[in-house]
Amino acid sequence: MYDLEKIPAVAAGLDSFERDCAITVALKIVDDSCKMDAYEKSVFLSLYKALPEQESVFFDNTVFAVIEKGDQQPSAQIFAAIKPLREAAMDAITRPKMKAFKATVRQRLAF
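This text gives an overview of the structure that appears in the document. (Residues numbered from 1 in each chain as written. Predicted model: local features only at pLDDT ≥ 70, side-chain atom pairs only at ≥ 80, totals over all residues. Heavy atoms only, no water.)

1. Brief notes about the pattern of salt bridges
It is possible for side chains of opposite charge to pair when their charged atoms get near one another.
Stage number 1. Scanning all chains against the criterion turns up seven salt bridges.
Stage number 2. Taking the shortest distance from any N to any O, the salt bridge between Arg 108 and Glu 18 comes out at 3.1 Å. With Arg 108 in helix α6 (residues 95–108) and Glu 18 in helix α2 (residues 16–30), this residue pair connects regions lying 90 residues apart in the sequence.
Stage number 3. Relative accessible area serves as the criterion here: at 33%, Arg 108 is assigned to the partly exposed category. (Salt bridge = Lys/Arg side-chain N within 4 Å of Asp/Glu carboxyl O. Helix = DSSP H or I, 4+ residues; strand = E, 2+ residues; numbered from the N terminus. Buried < 20%, exposed > 50% of the residue type's maximum accessible area, 1.4 Å probe, protein only.)

2. Observations regarding the side chain of Asp 31
Stage number 1. Position of Asp 31 among the secondary structure elements: in the loop between α2 and α3 (38–49).
Stage number 2. For Asp 31, a relative accessible area of 11% gives the class buried.
Stage number 3. When sequence neighbours within four positions are dropped, the list of residues in contact with Asp 31 reads Phe 79, Ile 82 and Arg 86. (Contact = heavy atoms within 4.5 Å.)

3. What to know about α3
Stage number 1. The terminal C-alpha atoms of α3, which comprises 12 residues, lie 16 Å apart, in line with the 16 Å expected from a rise of 1.5 Å per residue.
Stage number 2. Three or more residues of α3 are buried, namely Glu 40, Lys 41, Val 43, Phe 44, Leu 45, Leu 47 and Tyr 48.
Stage number 3. Close packing links the buried residues of α3 with α1 (7–12), α2, α4 (62–72) and α6. (Expected span 1.5 Å × (residues − 1).)

4. A few points about the packing of aromatic side chains
By convention here, two paired aromatic rings are described through the distance between centres and the angle between planes.
Stage number 1. Overall, the coordinates contain four aromatic pairs when judged by the stated rule.
Stage number 2. Each ring, one from Tyr 2 and one from Tyr 39, has its centre 5.9 Å from the other, and the planes form 5°; the classification is stacked. Here Tyr 2 is found in the segment before α1, whereas its partner Tyr 39 is found in helix α3, with 37 residues between them in sequence.
Stage number 3. Tyr 2 sits in the buried class, given a relative accessible area of 12%.
Stage number 4. Looking at Tyr 39, the relative accessible area reads 27%, which means it is partly exposed. (Phe/Tyr/Trp six-rings, centres within 6.5 Å; stacked < 30°, edge-to-face > 60°.)

5. A word on the nonpolar core
Stage number 1. With 35 residues, the main nonpolar core has Ile 23, Phe 44, Leu 47, Tyr 48, Ile 67 and Phe 101 as its most contacted residues.
Stage number 2. Looking at this core, the elements that each hand over two or more residues are α1, α2, α3, α4, α5 (76–93) and α6.
Stage number 3. At eight residues, the largest contribution of residues to this core is made by α2.
Stage number 4. Those residues in contact with Leu 47, other than ones at most four positions away along the chain, are Ile 7, Val 10, Ala 11, Leu 14, Phe 101 and Val 105. (Core = buried A, V, L, I, M, F, W, Y, C linked by side-chain atoms within 4.5 Å.)

6. Some details on the packing of α2 against α6
Stage number 1. Direction vectors running N to C along α2 and α6 enclose 95°, while the axes themselves pass 10 Å from each other. The orientation of α2 with respect to α6, classified from their angle, is roughly perpendicular. Side by side, α2 and α6 meet where Phe 17, Glu 18, Cys 21, Ala 22, Thr 24 and Val 25 of the first sit next to Lys 97, Met 98, Phe 101, Lys 102, Thr 104 and Arg 108 of the second.
Stage number 2. In terms of residue class, the contact of α2 with α6 is made up of six nonpolar, two polar and four charged. (Axes fitted to C-alpha atoms, helices over the stretch in contact; angles between N-to-C directions. Parallel < 35°, antiparallel > 145°, perpendicular 65-115°, else oblique. Nonpolar A, V, L, I, M, F, W, Y, C, P; charged D, E, K, R; others polar.)

7. Considerations on the side chain of Thr 24
Stage number 1. Mapped onto the fold, Thr 24 is located in helix α2.
Stage number 2. On the basis of relative accessibility, which here comes to 0%, the residue Thr 24 falls in the buried class.
Stage number 3. Contacts of Thr 24, omitting those with residues within four sequence positions, involve Phe 59, Arg 86, Ala 89, Met 90, Ile 93 and Met 98.

Given below as C-alpha cells:
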C-alpha cells in the first residue's frame, strides 16, 4: 500500500530519465504486458497521468496519444503501435534501470 496523495509530488519530481521510465511503464500497462498486480498498475498509471508536462527525451509527442488510446480504447491495432515503442524504450532503459526506477517510486510513495 502506498500514500496515493504523494503521486502528484512524486510525478513532479521525476527527472527526464524517470519520466521516460514512467511513460514506458504506462505503455506496458495499457498493452497488458506489465506483470504488476492490478493495484500497482493503477498506481503507476496514476503516476504517469500526474506528470506535469507531456514531454519526453526518448519518445516523440505521439506517444501520449497512443497511451491514451490504449487506455481508453484498447485494440489489436493500438497494441501493435505500442509494441515497438515499448520494446525500443526497454532496450534503451534496460531491465535493471527500470527495476530501480520502480523501486524508487515505491519508496517515494511509502507511508
